[in-house]
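Each chain, written out:
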Amino acid sequence: DSRGRSRSRAEVASEPVPTPDAALLAGKVAVVTGGGGGIGRAISETFAVHGAKVVVAEIDADRAAETVAAIRAGGGEALAQPVDVRQPGEVAALADATFAEYGRVDSLVNNVGHYLYRGTRFLDTDEEHWDTLYAVNLRHMFLCTKAFGPRIVEQGDGGSIINVSTVEAFRGIPLMAAYSAFKAGVVQFTKSLALDLGGDGIRVNGIAPDLTQTIQVPYDRWVPAEQQHLIPAWVPIGRFGTPEDIAGVALFLASDLSAFVTGTTINADGGSLAAGGWFRTERGGWTNRPLNP
């Protein structure tokens, strides 16, 4: 920086979204489900900074209003739409309100998802457990895509759909078999939908985060000070992710920078999937047999 001190990776990652030299989404309209908190809020604010008009679709009306106020305070344009995306009627109303306000949609970000339950063996779960996880992790993507997709096709000038999954779609996770199954379903839905809509110029991609600070995964509360030195052992890139890290990937997928990218899911996980079961040691090497994980 100007004082000659190099900034740490954690300091750089915690900085607010900068004002860009070139707005990548100027003139675009984006809908972000779960857009009022965590990763969703970061996506909403990042899209707005880059010129998009953003519909913040959020079950918590206060969070939606706070996010829209922040966007407007920064000179952006946004609309708060309280909605439970698990409910078909509310999703239909969201689509109607969006097109009534802005006349079009260029990007739909299906961001909502939640593991909901504490870890439980699959044999101890029941149909209510499965149905609840299905509704919040996969079915709502069907509802939102069906509500917005036909109108985006009718616009005739393409678009981008972004589905947020998780690294758990690509590896096993103990005690959350149903959750990971639905998240894997998001990845396959993304691939197949990309083939359905490619002829209409609509790109469909996914993001699979891991080790990212969110409302549901508050690492700042979970990791005490005496364990901070272990973070480089857990995360290959050396720090936990931030919502802004994931928002940067979403920005790429919503913009023309990814014009030839469709049907893929980007693992925004700090290297955790690549590492598999390997952990960095305090001496700088690697081990797959950690003595004190």
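First, a word on what this report is: a plain description of the structure on this page. (Residues numbered from 1 in each chain as written. Predicted model: local features only at pLDDT ≥ 70, side-chain atom pairs only at ≥ 80, totals over all residues. Heavy atoms only, no water.)

### Observations concerning the environment of Thr 98
Spelled out, the test is: Only DSSP runs of H or I covering at least 4 residues are called helices, and only runs of E covering at least 2 are called strands; the numbering of each starts at the N terminus. Two residues form a contact once any of their heavy atoms are found within 4.5 Å. Here a polar contact means two N or O atoms within 3.5 Å. Within protein one must be a hydrogen donor candidate and the other an acceptor candidate, and residues neighboring in sequence count only if both atoms are side-chain atoms.
Relative to the assigned elements, Thr 98 resides in helix α4 (residues 88-102). Residues contacting Thr 98, with those up to four places away along its chain left out, are Val 31, Val 55, Gly 103, Arg 104, Val 105 and Phe 148. A distance of 2.9 Å separates the side chain of Thr 98 from the backbone oxygen of Leu 94, its partner in a polar contact.

### Comments concerning the pattern of salt bridges
What counts here: Salt-bridge detection follows one rule: a side-chain nitrogen of Lys or Arg within 4 Å of a carboxyl oxygen of Asp or Glu. The classification of residues rests on relative accessible area computed with a 1.4 Å probe and restricted to protein chains. Under 20% of the type maximum is buried, over 50% is exposed, and intermediate values are partly exposed.
For the coordinates displayed, the defined rule picks out 11 salt bridges. Among the ionic pairs, Asp 84 bridges to Arg 86, the shortest N-O distance being 2.9 Å. Exposure remark for Asp 84: the relative accessible area of 13% places this residue in the buried category. The partner of Arg 104 in a salt bridge is Asp 157, and the shortest N-O contact between them spans 2.9 Å. On the criterion of sequence distance, the pair formed by Arg 104 in the loop between α4 and β4 (107-110) and Asp 157 in the loop between α5 (127-155) and β5 (159-164) is long-range, its members being 53 residues apart.

### What to know about the layout of surface pockets
With a probe scaled to a water molecule rolled over the atoms, the places where space remains empty come into view. Heads up, the rule is: Only protein atoms enter the 1 Å grid used here. Points where a 1.4 Å probe fits but cannot escape make up a cavity, open sets with protein on both sides within 12 Å along at least five of seven lines make up a pocket, and a residue lines them when an atom lies within 4 Å of a point. Grid points are joined across faces, edges and corners, and a volume is the space filled by probe spheres set on the points.
In this structure, the largest pocket encloses a volume near 1400 Å³. What lines the largest pocket is a set of 50 residues, and nearest its centre among them are Tyr 115, Tyr 179, Thr 214, Gln 216 and Val 217. Every element with two or more residues in the lining of the largest pocket is listed here: α2 (38-49), β2 (53-58), α6 (177-197), α7 (219-222), α8 (231-234) and α10 (272-275). Ranked by residue count, the leading element in the lining of the largest pocket is α2, at 3 residues.

### Quick look at the sheet that holds β2
So the rule is basically this: At least two bridges found by DSSP between two strands is the condition for calling them paired. Think of each axis as a best-fit line through the C-alpha atoms, taken over the contacting stretch in the case of a helix, with angles from 0 to 180 degrees between the N-to-C directions.
Ordered by their spatial adjacency, 7 strands build an open sheet running β3-β2-β1-β4-β5-β6-β7, and the pairing between neighbours is parallel. Only two strands of the sheet have a single partner each, and these edge strands are β3 (77-82) and β7 (265-268). Taking each pair of neighbouring strands and ignoring which way they run, the sheet shows an average axis angle of 15°. Relative to β7, strand β6 (residues 202-209) is paired through 4 bridges, and the arrangement is parallel. Each residue of the ladder has a partner; that of Ile 207, found in β7, is Ile 266. Across the face of the sheet, helix α3 (residues 61-73) comes into contact with β2 and β3 while running at roughly 175° to β3.

### Some details on empty space enclosed by the protein
Rules: Amino acid classes used here: Ala, Val, Leu, Ile, Met, Phe, Trp, Tyr, Cys and Pro are nonpolar; Asp, Glu, Lys and Arg are charged; the rest, including Gly, are polar.
On inspection of all chains with the given rule, the structure shows 1 cavity of 30 Å³ or more. In this structure, the largest cavity spans a volume of roughly 90 Å³. Only α5 and α6 provide two or more residues apiece to the lining of the largest cavity. If you tally residues by element for the lining of the largest cavity, the top one is α6, at 3 residues. In terms of residue class, the lining of the largest cavity is made up of 9 nonpolar, 4 polar and 2 charged.

### Let's talk about the pairing of β6
The condition that has to hold: Here is how to tell: hold the view so the strands point away, follow the path from the first strand over the helix to the second, and if it runs clockwise the crossover is right-handed.
Judged by how many residues are buried, β6 sits mostly within the fold: 8 of 8 residues are covered. Here 6 bridges tie β5 to β6, and the two strands are oriented parallel to one another. The residue bridging Val 164 from the neighbouring strand is Ile 207, located in β6. As for the winding sense of the linkage, the β-α-β connection from β5 through α6 to β6 is right-handed.

### Describing unusual backbone geometry
In the Ramachandran plot, Leu 175 falls in the positive-phi region, its phi being about 65° despite a non-glycine side chain. Among the structural elements, Leu 175 can be located in the loop between β5 and α6. A relative accessible area of 44% means that Leu 175 is categorised as partly exposed. One non-glycine residue, Leu 211, lies in the positive phi region at around 55°. Its location among the elements puts Leu 211 in the loop between β6 and α7.

### Section: α2
Using the following cut-off: Each helix should span, by expectation, one fewer than its residue count multiplied by 1.5 Å.
Its 12 residues place the ends of α2 17 Å apart at the C-alpha level, agreeing with the 16 Å of an ideal helix rising 1.5 Å per residue. Among all positions of α2, only Ile 39, Gly 40, Ala 42, Ile 43, Ser 44, Thr 46, Phe 47 and Ala 48 are buried. Just downstream of α2 lies Gly 51, where phi reads positive at about 100°.

### Examining the packing of α4 against α5
So the rule is basically this: Should an angle fall under 35 degrees it is called roughly parallel, over 145 degrees roughly antiparallel, and 65 to 115 degrees roughly perpendicular, with every other angle called oblique. It is the rotation of the near helix from the far one that decides the hand of a crossing: anticlockwise by less than a right angle makes it left-handed, clockwise makes it right-handed.
At a minimum axis separation of 10 Å, α4 and α5 run at an interaxial angle of 30°. Taken as axis vectors, α4 and α5 run roughly parallel relative to one another. In this structure, α4 crosses over α5, and the sense of that crossing is right-handed. Judged by residue contacts, Pro 88, Val 91, Leu 94, Ala 95, Asp 96, Thr 98 and Phe 99 of α4 engage Arg 139, Leu 143, Cys 144, Ala 147, Phe 148, Arg 151 and Gln 155 from α5.

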